[in-house]
Amino acid sequence: MSTYTVINPATATAVKDVALADLATTDATIAKANKAFETWRLVNPGDRAKLLRNFARVVDEHLEELAQLEVLNSGHTIGNARWEAGNVRDCLNYYSAAPERLFGRQIPVPNGIDITFKEPLGVIGIIVPWNFPMPIAGWGFAPALAAGNTVVLKPAELTPLTAIRLGELALVAGIPEGVFNVIPGKGSIVGERFVTNPIVRKIVFTGSTTVGKGIMRGCADQVKRLTLELGGKSANVIFADADIERAAAGAPGSVFDNAGQDCCARSRILVQRSVLDSFMEKFEVAVKKFRVESPELETAEMGPLISAGQLERVREYVPAGTEIAFTGSMPTGPGFWMAPTVLLAKSTSDRAYREEIFGPVVSVIAFEDEADAIRLANDSEYGLSGSIWTRDLAKGVRVSRGIEAGNLSVNSNSSVRYWTPFGGYKQSGLGRELGPDALDAFTETKNVFFDTNN
Ligand code: NAP
Ligand code: MG
């Protein structure tokens, strides 16, 4: 069996070796999950709910341990990592209310009774990226398990540690063996097998748009159900009538949080021309104050990038000679560090302005009026997230309805709550996670007609 050496990105030192599953192990685990499905789907709804609440409680009891593990494996700031572990707990608690509430409908029909049932699909394959290992896993497995499915979960090769621990904690909580299975391994082996193995009935994929498209093509062979959460190039739209102070103070966090490795990163800042200078002045102060430092420090606002490879990829967007508006700070020494970097886009065809960078680089561009702002915001193949800053409520409503994106916030940069829907327009994805509707993505609707004529 091959292994992968987990590296601490803040120090570039080895943490531990993790065994990578091969095809045979993957198939055996999928078969185990399928066997467990026979009984898990029949667990009485109240008991399944209790088990999920137990799981949430056990995650909460291990919150600090999970958070520290994420700091070590992913270089996330300790503050973020605690939120991330808490988010898994919250998702489990939220969906623990689902088993007793998976209502069908009774629909009036002649000559009988018509009832719909929400039935689980079977084994769900969840493929997780390295940028938010815990939350993205939880957004998949919590509703999947609540609806009566069993799960095989593949963490990203770079960040398997918290997923492995969550798999152990599920057993501690009393989730039966085989119901929730974590399979560390390569995307090209374990991930692809989820797509090709017909026992897996649905794929939940979060990651790059390129890999997502390949998975979508693969799923077509079996008409396999699929949810995709892909890339983004979200706009932070700042109107002249906004509270510029607040917009500028919030902008660094909206793009540099998690070192910009966030599909919701507001990596294009669109500023109305009349306030561009005033915004840039305040934004510079905020970026220079943004604390990029060892992620275990309580004060850290940004840590390192995930890997040497990612650092190199991101740096290519800022080649030597690039005109940089200003940068923030970063520590010296080992680790995959990059300072927050602010560019003024020369044109909308600049690579850094158009492409998802997935690193701490943001492009600023001016717009003239409301129509121009909406046109620029929508001039992207992506449509995941975005922010709108204005004191004019009606304008906030119009612009939020005009931007083609799944998660927008007005006078705020917050776009993720476990109880509201999350997902993308256009090439940012397919389907929605979280919130009340996610259960539809993990169930089939069965319609049954009962003839009452005899
Ligand atoms: P990635 O290369 O697409 O990998 C994502 C996951 O897919 C990993 O677990 C990876 O395994 C696996 N994988 C790779 N090739 C596969 C294949 N052929 N078949 C099945 N699975 C395969 O993306 P990443 O580099 O981890 O993450 C960065 C990207 O994800 C960014 O572009 C970002 O926009 C996107 N993202 C989007 C969201 C969202 O919610 N919309 C959230 C997070 C990230 P390995 O680790 O072994 O390669
Ligand atoms: Mg990859």
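Scoring rules and cut-offs
Residues numbered from 1 in each chain as written. Chains lettered and ligands numbered in written order. Predicted model: local features only at pLDDT ≥ 70, side-chain atom pairs only at ≥ 80, totals over all residues. Heavy atoms only, no water. Helix = DSSP H or I, 4+ residues; strand = E, 2+ residues; numbered from the N terminus. Polar contact = N/O pair within 3.5 Å; in protein donor to acceptor, adjacent residues only side chain to side chain. Contact = heavy atoms within 4.5 Å. Near = heavy atom within 4 Å. 1 Å grid on protein atoms, 1.4 Å probe; cavity = no way out; pocket = protein on both sides within 12 Å on 5 of 7 lines; lining within 4 Å. Sits in = over half its atoms within 2 Å of the grid points. Nonpolar A, V, L, I, M, F, W, Y, C, P; charged D, E, K, R; others polar. Domains from an automatic or database assignment.

1. Some remarks on the side chain of Asn-378
Mapping Asn-378 onto the fold places it in helix H13 (residues 370-378). Of the polar contacts made by the side chain of Asn-378, one reaches the backbone nitrogen of Glu-404; its length is 2.8 Å. Beyond its immediate stretch of four places on either side in the chain, Asn-378 contacts Gly-402, Ile-403, Glu-404 and Lys-426.

2. Points about the site of ligand 1
As a structural note, the neighbourhood of ligand 1 is formed by 29 residues, with Val-128, Gly-187, Ser-208, Leu-230 and Glu-356 the closest of them. In the model, an oxygen atom of ligand 1 is placed 3.0 Å from a nitrogen or oxygen of the Trp-130 side chain. A distance of 2.2 Å separates a nitrogen atom of ligand 1 from a polar atom in the backbone of Leu-230. If you map ligand 1 onto the pockets, it falls in the largest pocket. At the level of elements, helix H7 (187-196), strand S8 (200-206) and helix H8 (209-220) are the ones that each hand at least two residues to the shell around ligand 1. In terms of residues, the shell around ligand 1 owes the most to one element, H7, which gives three residues. Classifying every residue of the shell around ligand 1 by side-chain character gives 15 nonpolar, eight polar and six charged. Per-domain counts for the shell around ligand 1 show at least three residues from each of domain 1 (3-230 + 428-451) and domain 2 (235-417).

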